[in-house]
Amino acid sequence: MRWGDMRRSENVEDRGGMGGGFGGGMPLGGGMKIGGGTLILILILSLVFGINPLTFLGMGGPEVSAPPTQAEPAPSPSTSSPGTRAPAPTDQRKDFAARIVGDTEDVWGALFKSMGRGAYRPTTLTLYRGAVRSGCGTASSAAGPFYCPADQHVYLDTAFFDELSRRFGAPGDFAQAYVIAHEIGHHVQNQLGVMERFEREGQRLDERRRNALSIRLELQADCYAGVWGNFAQKRNLLETGDLEEGMRAAAAVGDDTIMKRTQGYVVPDAMNHGTAEQRTRWFRAGLQSGDPRTCDTFAPTNP
Ligand SMILES: [Zn+2]
């Protein structure tokens, strides 16, 4: 990807580690390793803080990740962008994320206008390490990147990109861009009123039906990520191999892929993000059309 040519968004904040954010002064600084025990404690605290599972909209369920490995210095994402100097690794990741967000702002800004939807109001990308307090409760990076509709922020621990590369087998800058564009897709859904309908209807449903509805929401976010990718492609910002990287990432975060890897078998009723086949299919649909109207994953005949 030629992400160095994209406009850097102003709407990025870096919260670093949580420090003594858990009241009791639990050390969770960005430079510290979090052991498995601490991770469990974080998850328990998350429950205590009252997270409504519906309010966390991430790449995959909290079950997707083992204890985070955020303490290691992050390796640089591969890039062949011309004309960009090489800053420190973490700065480069911040720069990468800010430019992807900036580009989604430009694309969705134009799309909202052409759809007669008024102005696109950008989300804020909050970068953190280890754990973060959001409007949807406290989350650890083990939950993966997520969008919180309540405060309209996307939360990302860029250590997830290492996970994506190493544990999910999906390296590459376009794979990472897909992850960000998917979360931005949730923000688009929020502004289009899709999210509100989902939350309202979801509360009335049993878990199985709610999961089925969640899959439609997630696949639409994948399709929206593809719509952004279409515009990146049109402006020659993609390079050979990028599309494959994106497809590999969409397949890697498929519920069936994750379930097979983590528990060895697939439980269809427990899926809430979609299978690898569904996720790649909808991501591709958006990539090919560049038109959000083709992303109607809620149609009765879909997904
Ligand atoms: Zn999602």
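Use the structure listed above.
Keep in mind it's a predicted model, so treat the numbers as computed, not measured. (Residues numbered from 1 in each chain as written. Predicted model: local features only at pLDDT ≥ 70, side-chain atom pairs only at ≥ 80, totals over all residues. Heavy atoms only, no water.)

### Thoughts on the pairing of strand β4 (residues 131–134)
Part 1 of the reasoning: Relative to strand β5 (residues 137–140), β4 runs antiparallel, the two being bridged by 4 bridges. Paired with Ala 131 across the bridge in β5 is Ser 140.
Part 2 of the reasoning: Following β4, the chain reverses through 2 residues before pairing antiparallel with β5. (Pairing = 2+ DSSP bridges. Helix = DSSP H or I, 4+ residues; strand = E, 2+ residues; numbered from the N terminus.)

### What about the state of the cysteines?
Part 1 of the reasoning: In total, this model carries 2 disulfides according to the counting rule given.
Part 2 of the reasoning: With a sulfur-sulfur separation of 2.0 Å, Cys 136 is cross-linked through a disulfide to Cys 148. Residues Cys 136 and Cys 148 share a disulfide whose torsion about the S-S bond is about 90 degrees; that sign makes it right-handed. Here Cys 148 lies in strand β6 (residues 146–148) and Cys 136 lies in the loop between β4 and β5, a separation of 12 residues in the sequence. No difference in accessibility class separates Cys 136 from Cys 148, as the two residues are buried.
Part 3 of the reasoning: The residue that forms a disulfide with Cys 223 is Cys 295, at a sulfur-sulfur distance of 2.0 Å. (Disulfide = S-S within 2.5 Å. Buried < 20%, exposed > 50% of the residue type's maximum accessible area, 1.4 Å probe, protein only.)

### Re the packing of aromatic side chains
Part 1 of the reasoning: Applying the stated criterion across every chain yields a total of 10 aromatic pairs.
Part 2 of the reasoning: Centroid distance Trp 108 to Tyr 224: 5.2 Å. Interplanar angle 70 degrees. Geometry classified as edge-to-face. Note that Trp 108 is positioned in helix α2 (residues 89–114) and Tyr 224 in helix α6 (residues 207–234), a separation of 116 residues in sequence. We note that Trp 108, like Tyr 224, is buried.
Part 3 of the reasoning: By way of ring pairs, the aromatic residues Trp 108, Phe 112, Tyr 120 and Tyr 224 are connected into one cluster.
Part 4 of the reasoning: If you follow Lys 234 out to its NZ or CZ, it ends over the ring of Phe 231, 4.2 Å from the centre.
Part 5 of the reasoning: One cation-aromatic arrangement involves Arg 261 over Phe 168; the distance from NZ or CZ to the ring centre is 4.9 Å. (Phe/Tyr/Trp six-rings, centres within 6.5 Å; stacked < 30°, edge-to-face > 60°. Lys NZ or Arg CZ within 6 Å of the ring centre and 35° of its normal.)

### Focus: the pattern of salt bridges
Part 1 of the reasoning: Taken as a whole and assessed by the stated rule, the structure comprises 16 salt bridges.
Part 2 of the reasoning: The closest approach of N and O atoms between Asp 95 and Arg 8, which form a salt bridge, is 2.6 Å. Separated by 87 residues along the polypeptide, Asp 95 in helix α2 and Arg 8 in the segment before β1 (12–16) bring together distant segments of the chain.
Part 3 of the reasoning: Overall, Arg 8 belongs to the partly exposed group, its relative accessible area being 44%.
Part 4 of the reasoning: Bridged by salt links that share partners, the residues Arg 7, Glu 105 and Asp 106 form one connected network. (Salt bridge = Lys/Arg side-chain N within 4 Å of Asp/Glu carboxyl O.)

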